[in-house]
Amino acid sequence: MRSSWYFTNAKTEASKRTVKFGETLFQALKQEHTRQLENELKYAEYYTIHVLKKETDEKGNDMYRIVPVQKCLATSLQRVKLICIAENGQFTSTDSFKYCSRIIHKELLLAFDYHSLRHTHATLLIESGADIKDVQTRLGHTNIQTTLQTYVHDTEVMAERSVEIFEQLTAAKTS
């Protein structure tokens, strides 16, 4: 049996958020959009599009299943545009990343999966001086402890920066 992807309500209220991003990501998203439009023309009726099919879960809540269909098939269902898709339009899920994760794990001896990128994102932001409250909001955590204890990891850069800060403090006090 094939698994399906669903849109449902967010886990928490904090999960519903607007995430700011800069020009670099904006340009990358524009490029990806252009690439997708070109590929849709190239593959024509054989291009895979995705539509939303309303379903009900076991508790009676509405949810929307993402259904892939070939463009040549007529449907009244609402089309949804996805960002992570292959050249032919097929959805690229986090499962698509599993092979890379295994190689990284075997060759580099790192415990790594797609979700690890959230940890890396948080750590790099803090390492570079981002405000911890903003990182918490960006990740959608209601509790800052989740951000600090689970997502942000100590790095050598952070340790060196702490040494530099302490050196500056002691130099200011002794001069």
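Residues numbered from 1 in each chain as written. Predicted model: local features only at pLDDT ≥ 70, side-chain atom pairs only at ≥ 80, totals over all residues. Heavy atoms only, no water.

K.L.:
Describe in detail the nonpolar core, supporting the description with residues and values.
P.N.:
Within the largest apolar cluster, ten residues are counted, these being Y47, I49, V51, L52, I66, V67, V69, V80, L82 and I85. For this core, the elements supplying multiple residues, two or more each, are β2 (48-56) and β3 (62-70). Setting aside residues up to four positions removed in sequence, Y47 forms contacts with Q36, N39, E40, V69, Q70, K71, R79, I85, E87, N88 and G89. If you look at the next biggest cluster of nonpolar residues, it comprises seven residues, including A122, V135, L139 and V152. (Core = buried A, V, L, I, M, F, W, Y, C linked by side-chain atoms within 4.5 Å. Buried < 20%, exposed > 50% of the residue type's maximum accessible area, 1.4 Å probe, protein only. Helix = DSSP H or I, 4+ residues; strand = E, 2+ residues; numbered from the N terminus. Contact = heavy atoms within 4.5 Å.)

K.L.:
For the confidence of the model for the protein chain, give the residues involved together with the corresponding values.
P.N.:
When pLDDT is averaged across the protein chain, the result is 89; 98% of the residues are at 70 or more. Here strand β1 (residues 5-7) stands out as the element of the protein chain with the lowest mean pLDDT, 75, in contrast to helix α1 (residues 23-43), whose mean of 97 is the highest. (pLDDT = per-residue confidence, 0-100.)

K.L.:
Tell me what's going on with the packing of helix α3 (residues 116-127) against helix α4 (residues 132-139), and back it up with residues and numbers.
P.N.:
Closest axis-to-axis distance for the α3/α4 pair is 10 Å, and the angle between their directions is 160 degrees. Here α3 is positioned roughly antiparallel relative to α4, judged by the angle of their axes. Of the two elements, α3 crosses α4, and the hand of that crossing is right-handed. Of the residues in α4, those in contact with R118, H121, A122, L125 and I126 of α3 are I132, V135, R138 and L139. When the residues that make up the contact of α3 with α4 are grouped by side-chain class, the tally is six nonpolar, one polar and two charged. (Axes fitted to C-alpha atoms, helices over the stretch in contact; angles between N-to-C directions. Parallel < 35°, antiparallel > 145°, perpendicular 65-115°, else oblique. Left-handed = near helix turned anticlockwise from the far one by under 90°. Nonpolar A, V, L, I, M, F, W, Y, C, P; charged D, E, K, R; others polar.)

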